[in-house]
Amino acid sequence: MKKILTIQDISCFGKCSLTVALPLLSSMGIETVVLPTAVLSTHTLFKGFTCKDLSDQLKPITDHWKQEGITFDAIYTGYLGTEEEIDTVIGIIENFRNENTLVFVDPAMGDNGKLYPAFSEHYAKKNADLCAVADIADPNITEASFLTGLPYKETYSEDYVKEMLTALAAIGTKIPILTGVSLGEGKTGAMGYDTEKNEFFHYQNDKVPAAYHGTGDIFSSVLAGAFVIGVGRTKALKIAADYTAHTIAETLKNPENPWYGVDFEATIPELVETLKRIKE
Ligand code: PXL
């Protein structure tokens, strides 16, 4: 069984970060090891959230794993708290990485042209150091614009997407993937750039007309899992994008759907089915 380490916060309530990554990766048949960077009462879009930083625990925990000879096929990082934490996480990646380890970075820090409430522009720039050591990094357009300094646009051409991907590659990411990319009326999806093969690749599906919090974490978790399983890059995009779109569509049907996250728990059986079909 493949084994992944995921490093991000636990927002106890709110369906994001570890409470999304752990169930999704486990249901994909991947042993999922967690390194919580902080414990928050809720995610940061709630007012008055509490936050206990666990930065000082990261080294003792990972030192113990080293002593035990624990290794990982992949390391997947999500929302982190501070600039120092980014440096600590880069150290952990260097400590556990070998030539076969897949390093997947989701530089989760903003959406819709804005950073999440806890972050500054300086923090956003610091995330480029983490993307520089990534095999794959999957920012949305907001995050990519803070990482690269290129302008954030809501309407754009394919050339803009390629320019953004080229700038992300210049930071050092081997395969940058830009998410939330629309390449046609009513479409959404993602485009990636494989720097070793010098090839762009993309997948688009029909846009479900709703935006929910936490969908970036769902997309990234499934995308990271699909790369770990080794389904191929375009198929990985398809699995993650279709699962996310299907989950949003199902959530829309629930008249009591919560504003803070999507009903991904209800669609896990379909994800499992999709992967079963691929393996057959
Ligand atoms: O979904 C990304 C995320 C993860 N963790 C925390 C957040 C957010 C987004 O707001 O606040 C704590």
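To be clear, the structure that these remarks concern was listed above.
What is the right way to read the sheet that holds strand S8 (residues 136-137) from this model?
Strand pairing within a sheet occurs via backbone hydrogen bonds; the two strands may be parallel or antiparallel. Ordered in space as S3-S2-S1-S4-S5-S8-S9-S10-S11, the nine strands form an open sheet in which the pairing is mixed. Either end of the sheet is taken by a strand with one partner, and the two such strands are strand S3 (51-53) and strand S11 (199-206). Pairing analysis gives two bridges linking strand S5 (residues 102-105) to S8, with the strands arranged parallel. Following the sheet pairing, phenylalanine 104 is matched in S8 by isoleucine 136.

Would you mind going over the site of the ligand with me for this structure?
Every residue lining the ligand is accounted for by Asp9, Ser11, Cys16, Ser17, Leu40, His43, Thr44, Leu45, Tyr79, Tyr116, His213 and Asp217. For the ligand, a nitrogen atom lies 2.8 Å from a polar atom in the side chain of aspartate 9. Aspartate 217 is positioned with one of its side-chain polar atoms (N or O) 2.8 Å from an oxygen atom of the ligand. Considering the ligand on its own, with 320 Å² of exposed area, one finds that the protein chains cover 99% of that surface. Here the shell around the ligand is built from residues that sort into five nonpolar, five polar and two charged.

Looking at this model, I keep getting lost on the pattern of salt bridges. Mind explaining?
Side chains that differ in sign of charge can pair as their charged atoms come close. For the structure shown, the criterion picks out 14 salt bridges. Measuring nitrogen to oxygen at the nearest pair gives 3.3 Å for the salt bridge that ties glutamate 158 to lysine 162. Taken together, the positions of glutamate 158 and lysine 162, both in helix H6 (residues 158-171) and four residues apart, correspond to about one turn of that helix. The partly exposed category is assigned to glutamate 158, whose relative accessible area is 37%. The class of lysine 162 is partly exposed, set by a relative accessible area of 27%.

Hey, could you run me through the nonpolar core in this one?
Taken as a class, soluble globular proteins show a tendency for nonpolar side chains to be buried jointly. The biggest cluster of nonpolar side chains holds 45 residues, and the ones touching the most others in it are Leu5, Ile7, Met109, Leu130 and Leu178. Aside from chain neighbours lying at most four places away, what touches isoleucine 7 is Leu35, Thr37, Ile75, Tyr76, Thr77, Gly78, Leu80, Val89 and Ile92.

Sorry, what's going on with the packing of helix H2 (residues 55-68) against helix H3 (residues 83-96) here?
Helix packing geometry: the angle between the two helix axes and the distance between the axes. Two elements in contact, H2 and H3, have axes separated by 10 Å at closest approach and are oriented at 5 degrees. The orientation of H2 with respect to H3, classified from their angle, is roughly parallel. Contact residues: Ser55, Leu58, Thr62, Trp65 and Lys66 in H2; Glu85, Thr88, Ile92, Asn95 and Phe96 in H3. Taken together, the residues of the contact of H2 with H3 sort by class into four nonpolar, four polar and two charged.

Just checking my understanding: could you explain unusual backbone geometry for this structure?
Trans peptide bonds make up the majority, and among non-glycine residues the majority have a negative phi. With phi around 50 degrees, lysine 15 is a residue other than glycine that occupies positive phi space. With respect to the helices and strands, lysine 15 occurs in the loop between strand S1 (3-13) and helix H1 (18-27).

Hey, could you run me through the side chain of threonine 179 in this one?
Among the structural elements, threonine 179 can be located in strand S9 (residues 175-181). On the accessibility criterion, threonine 179 (12% relative accessible area) is buried. The contacts of threonine 179, once residues within four sequence positions are left out, are Asp138, Pro139, Asn140, Ile141, Gly189, Ala190 and Phe219.

Reading the values: rules and limits
- Residues numbered from 1 in each chain as written.
- Predicted model: local features only at pLDDT ≥ 70, side-chain atom pairs only at ≥ 80, totals over all residues.
- Heavy atoms only, no water.
- Pairing = 2+ DSSP bridges.
- Helix = DSSP H or I, 4+ residues; strand = E, 2+ residues; numbered from the N terminus.
- Near = heavy atom within 4 Å.
- Polar contact = N/O pair within 3.5 Å; in protein donor to acceptor, adjacent residues only side chain to side chain.
- Areas by Shrake-Rupley, 256 points an atom, 1.4 Å probe, with all protein chains shown as cover.
- Nonpolar A, V, L, I, M, F, W, Y, C, P; charged D, E, K, R; others polar.
- Salt bridge = Lys/Arg side-chain N within 4 Å of Asp/Glu carboxyl O.
- Buried < 20%, exposed > 50% of the residue type's maximum accessible area, 1.4 Å probe, protein only.
- Core = buried A, V, L, I, M, F, W, Y, C linked by side-chain atoms within 4.5 Å.
- Contact = heavy atoms within 4.5 Å.
- Axes fitted to C-alpha atoms, helices over the stretch in contact; angles between N-to-C directions.
- Parallel < 35°, antiparallel > 145°, perpendicular 65-115°, else oblique.

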